[in-house]
Each structure stands twice: as structure tokens, then as C-alpha cells.
Amino acid sequence: MRAVIVGAGMGGLMTALALRQSGVFASVDVYEQTKVPSTAGAGLNIPPNGARICRWLGVDLDGGDSKGPDGVIDGGRAAILESTRQFNADGSVTKRPFDHVTAAGDGAGFHHMHRLDLLMCLYKRVSDFGIDSGAPCPIAVHMDCRLTQLRQAAGEGIATFSNGRTATGELLVGADGINSATLQLAWPNSRPKRWTEVTCFRGLIPRTGVASLRKANGNPLDHNPINSFSMDRHRADRSGATTYWVRGGELLNVWIAHYEPESAAFEQEEGDWFPVSQQEIVREVGEAFAGHPSRDDLIALSGAIVRPTKWGLYDRDALETWVQGRICLLGDAAHPMLPTSVKELLSPSKTPPPLPAPLRFTSAMCLQPCCTTNACGITALPAFNWDPNLPSTICERRTPLSRRRYWRDSMSV
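S.K.: Can you help me understand the overall build of the protein in this one?
M.R.: Along the protein, the regular secondary structure elements total 10 helices and 21 strands. Burial analysis of the protein (413 residues in total) assigns 53% to the buried set. The contacts in the protein between residues at least 6 apart in sequence include a share of 71% that link residues at least 24 apart. On the protein, roughly 18100 Å² of surface is accessible, and the fraction owed to carbon and sulfur atoms is 50%.

S.K.: For this particular structure, what's the right way to read the pairing of strand S17 (residues 306-315)?
M.R.: With respect to burial, S17 is a largely interior element, 7 of its 10 residues being buried. Examined bridge by bridge, strand S12 (residues 194-206) and S17 share 7 bridges and lie antiparallel to one another. When the bridges of S17 are listed, Leu 204 appears paired with Val 306. Examined bridge by bridge, strand S16 (residues 273-275) and S17 share 3 bridges and lie antiparallel to one another.

S.K.: What's the story with the sheet that holds strand S10 (residues 166-169) in this structure? I'm lost.
M.R.: Within a beta sheet, neighbouring strands are joined by backbone hydrogen bonds and run either parallel or antiparallel to one another. Strand order in the open sheet made by the 3 strands is S8-S9-S10, with antiparallel pairing throughout. In this open sheet, the two strands that pair with only one neighbour each are strand S8 (147-153) and S10. Across the sheet, the axes of successive neighbouring strands diverge by a mean angle of 20°, strand direction being ignored. By the bridge criterion, 6 bridges tie S8 to strand S9 (residues 156-161) in an arrangement that is antiparallel. Following the sheet pairing, Leu 147 is matched in S9 by Phe 161.

S.K.: I would appreciate a short explanation of the pattern of salt bridges in the present structure.
M.R.: Side chains that differ in charge, positive against negative, can pair when their charged atoms come close. Here the structure, examined in full by the defined rule, presents 13 salt bridges. Note that Glu 170 and Arg 2 form a salt bridge whose closest N and O atoms lie 3.5 Å from each other. Of this pair, Glu 170 sits in the loop between S10 and strand S11 (171-174) while Arg 2 sits in strand S1 (residues 2-6), and the two are 168 residues apart along the sequence. Given a relative accessible area of 18%, Glu 170 falls into the buried group. Two residues, Lys 215 and Asp 222, come together in a salt bridge whose shortest N-O distance is 2.9 Å. Relative accessible area serves as the criterion here: at 13%, Lys 215 is assigned to the buried category. Classification of Asp 222 by relative accessible area gives partly exposed; the value is 48%.

S.K.: Help me understand the sheet that holds S17, please; the structure alone is not making it clear to me.
M.R.: If you walk across this open sheet you meet the 8 strands as S5-S4-S13-S14-S15-S12-S17-S16, and the pairing is mixed. The sheet is open, and its two borders are formed by strand S5 (93-97) and S16, each paired with just one other strand. When strand polarity is set aside, the average angle formed by the axes of neighbouring strands in this sheet is 15°. Sheet topology places strand S14 (residues 239-246) next to strand S15 (residues 251-259); 8 bridges connect them, and they run antiparallel. Opposite Ala 241, over in S15, you have Ile 256 as the bridge partner.

S.K.: Sorry, what's going on with the side chain of Lys 310 here?
M.R.: Its location among the elements puts Lys 310 in strand S17. Polar side-chain contacts of Lys 310 include one of 3.3 Å to the side chain of Glu 280. In this structure the side chain of Lys 310 is engaged in a polar contact, spanning 3.2 Å, whose partner is the side chain of Glu 284.

S.K.: I'm lost on the side chain of Thr 84 in this one. Help?
M.R.: Structurally, the position occupied by Thr 84 is in strand S4 (residues 83-87). Aside from chain neighbours lying at most four places away, what touches Thr 84 is Thr 94, Lys 95, Arg 96, Phe 98 and Met 231.

S.K.: Help me understand the environment of Pro 138, please; the structure alone is not making it clear to me.
M.R.: Along the chain, Pro 138 falls in the loop between helix H3 (115-127) and strand S7 (139-142). Spatially, the C-alpha atom of Pro 138 lies 7.9 Å from that of Arg 20, the residues being 118 residues apart in sequence. Residues contacting Pro 138, with those up to four places away along its chain left out, are Ala 26, Ser 27, Val 28, Phe 129, Gly 130 and Ile 131.

S.K.: Got a minute to help me understand the confidence of the model for the protein in this structure?
M.R.: Segments scoring low in pLDDT should not have their predicted coordinates read at a detailed level. When pLDDT is averaged along the protein, the result is 81, and 80% of the positions lie at 70 or above. Averaged pLDDT values for the elements of the protein fall to 27 in strand S20 (residues 359-360) and rise to 98 in strand S2 (residues 27-31). Segment residues 339-413: pLDDT under 50, and 149 contacts once partners within four positions in sequence are set aside and those in other chains are kept.

S.K.: I'm lost on the packing of aromatic side chains in this one. Help?
M.R.: Two aromatic rings are characterised by how far apart their centres lie and by the angle between their planes. Throughout the structure, instances matching the rule amount to 3 aromatic pairs. Arranged with centres 4.5 Å apart and planes meeting at 15°, the rings of Tyr 31 and Phe 161 form a pair that is stacked. One end of the pair, Tyr 31, is in strand S2; the other, Phe 161, is in strand S9, with 130 residues separating them in the sequence. Classification of Phe 161 as buried rests on a relative accessible area of 2%.

S.K.: What's the story with the layout of surface pockets in this structure? I'm lost.
M.R.: The rolling of a water-molecule-sized probe over the atoms marks out the regions of remaining empty space. Roughly 500 Å³ of internal volume is contained in the second largest pocket. Those elements that provide at least two residues to the lining of the second largest pocket are S12 and S17. In terms of residues, the lining of the second largest pocket owes the most to one element, S12, which gives 5 residues. Partitioning the lining of the second largest pocket into residue classes produces 11 nonpolar, 7 polar and 6 charged.

S.K.: What is the right way to look at the pairing of S10 in this model?
M.R.: Taken residue by residue, a regular strand's side chains alternate between the two faces of the sheet. Where burial is concerned, the two faces of S10 differ: the one with Ala 167 and Gly 169 is buried and the one with Thr 166 and Thr 168 is not. Strand direction decides the pairing type here: S9 and S10, joined by 4 bridges, are antiparallel. Residue pairing in the sheet places Ile 158 in a bridge with Thr 168 of S10. Connecting the antiparallel pair S9 and S10 is a turn made up of 4 residues, with Gly 164 showing a positive phi of about 90°.

What counts and how
- Residues numbered from 1 in each chain as written.
- Predicted model: local features only at pLDDT ≥ 70, side-chain atom pairs only at ≥ 80, totals over all residues.
- Heavy atoms only, no water.
- Helix = DSSP H or I, 4+ residues; strand = E, 2+ residues; numbered from the N terminus.
- Buried < 20%, exposed > 50% of the residue type's maximum accessible area, 1.4 Å probe, protein only.
- Contact = heavy atoms within 4.5 Å.
- Areas by Shrake-Rupley, 256 points an atom, 1.4 Å probe, with all protein chains shown as cover.
- Pairing = 2+ DSSP bridges.
- Axes fitted to C-alpha atoms, helices over the stretch in contact; angles between N-to-C directions.
- Salt bridge = Lys/Arg side-chain N within 4 Å of Asp/Glu carboxyl O.
- Polar contact = N/O pair within 3.5 Å; in protein donor to acceptor, adjacent residues only side chain to side chain.
- pLDDT = per-residue confidence, 0-100.
- Phe/Tyr/Trp six-rings, centres within 6.5 Å; stacked < 30°, edge-to-face > 60°.
- 1 Å grid on protein atoms, 1.4 Å probe; cavity = no way out; pocket = protein on both sides within 12 Å on 5 of 7 lines; lining within 4 Å.
- Points joined across faces, edges and corners; volume = space filled by probe spheres on them.
- Nonpolar A, V, L, I, M, F, W, Y, C, P; charged D, E, K, R; others polar.

Take a look at the structure:
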């Protein structure tokens, strides 16, 4: 059997490795629209269950040169942080250590990474199973292939790309992100994504830049992250900020979100994010955290971000199923980006509505329970016999969350 994956981002490459591990397929082909490996965004947090999956697939999150250049196979890897610090509006600070050992006792741990570093870890592992490796079920990655057509015939999915190439497989997986061409072609009547009226700034600061930070008045920061190997969280009424180290502590990831219903930046479909000036960040962060004890620290941090970007946070209605014959979706192509309207969740004057319980397809691993036990209510693919040793805690239903818990969890994004 052959598998075809559209999208060579993190979801697509994890899918390729997982499908190979299943022992079902003779080959896996991955088609990516970009010419070179790339990813948007800055940092991410891989919790123990994700780190455990990476270990199972042989993906090394901890090796590599933390001081190396961006985008190389053996570049930077994870930062293993000591604790979280919560900076509250009343000026109090709470601190909690990370449980890297976990209840499983396997030391899977929390890994905080630059998104590009994780992508290159995946490319490195996929390259171990290249066509020339002699390994069973080789994985081939084809760049510069933009999906233009999809069809199904005789139990196969057939994809056509803008360069004229075609790909055929008994399984065709759309892992091509929030603007998924697979979704648009296979589910043409699905409702479009919608902006939640929440914007965020994202970016990275080199360690040397963090060490030299000062407030606008020239004084040192009250709580400079250089002095704590931690994930720091700051919460205002309708705003939140999270900083944490990635690449072994060589880069500080900064994420600042704000409920901004008056903004017109993301009302049109011109893009989910765009570069922004440091002056705009400083102004908006100053307004968002007015009166908060962390305001001056956050202004200094936001003004030091190298090549900052502004993002719109989007939501999407869940489909009844993400499987259509031999075509399926996963990752951002499938699940809602957020469980419900963030506008409601961040507004303290409103009671948030009940949350839906769609499936969250975080990686290709969810195919295992869906295809063997149909536990998720999705049409099974009975021809597939999956590895019974596959981790069983990956496919989850969302459950209602309180506003407080949702905000807390969103800070780890």
C-alpha cells in the first residue's frame, strides 16, 4: 500500500514517520508547496505526551548545536525549563516546577523549541528513510509541489500538483495547514475560518539582547527572564503574555495576545499574519497592559523582538468527519484552531457558551484509534492493520473548559 501526504510541515512529517512505523505501507510520499523547508511562527511547547511520541518515532529533540544557524539539520534543539512563573495583576508571583519525570516515570519531560528547529529534527529523521537508504517503506519528500486537483478512483486517492506531477495512494492525507487546499478541494462547501477578534505578536530575542534589556526609564527589568530558566506568564483583563526559552536558552520566545475587536487587520483574507514594526508592538502592548505591574517589562521585551510578526487567531467549525473515502485531514487543516469564540472566553463580563466537542487531530497518530476501534465515531478504514503498540492517548475529544482554565492552557501555545 502507498500513502500520499500533502504538506511537509510538522504534521505532515510526523504523519509520514507514523505511517511508516505502522508497517502497513510500502512507501510514503510527502508533497510540499514551498521550495525549501520553512515554518512560520516562533516557539512551541512539546508536553510529555508529545515528547513521548517523538521518542517512539526516533525524533531527537535534544541533540544539535544550540548556537548553530537557523534551518540546518543539526541545528538547535529544545530548552528544558525549570519552572513556570505567573505574574498576577495584584503584583504577586507564583512559581511551579515542571514535572519532567511525569506520572509515567519515563522522564519524557516538557520541551520548549523554536518551530524551525523542530521541523528540522523531523526532516533529519525522515531522511534516515530516504529512497537511497535501503530501508523498508522509504519516505520521499517532494518540494515545490502545490496541490491543484484531487479525485478518487478504485480505492485510491489521486493528487495533481501545479508542476504537472501526480501522486496516487490508498491513503491520501491533507496536512497542509489552516489554509488547506485539501480541505477546499475535498470539502468545497465547508465554512471558512473566521477571525476571533484576538490578535497576537510573536517573535524571538537572542540571549544577549535579553541580558541587556532595560525599561524606558533606564532601570533594569523587575523580572528579567535572563535570571530564570522558566516559562513566564502575565495576565491582564483581556490580554496575556508568555515568554520562554528555546534553543537551549539561546533564544527567548515572546507571545503576546490581546482581544482587539476594533482592529481591521484580519477582517479580510489577505493572510493570517504579517511583519509588524517594533513601534506598533510597543504602543499596543503599552495600551493592553495599562495599569499592570508587568507593563514596563513587557514593553521592553516586545520592543526587543527581532523581525516581529502580528497574527490573527482563527476558529473554524468542526466537520462531521475528516475522512472521505481514501482522503483524510489532520492538524490545522481539520480541527478548529480554538474551541470556541475567544472573544467570549476573554471577556470577563460574559459567560462563555458551552464548548463543542470536536476531535482534535494533533498528529497522524490519531489515525490509529480511528482506524482500528472507530472510537472517535469516524468511519473506519478496515483494510489497515495498525501497530498495536502505538500510543493510545493521542486522539482526544475536547471537553468543556472554564474561561480560567482555557486561558491558562492557551498560554502554553
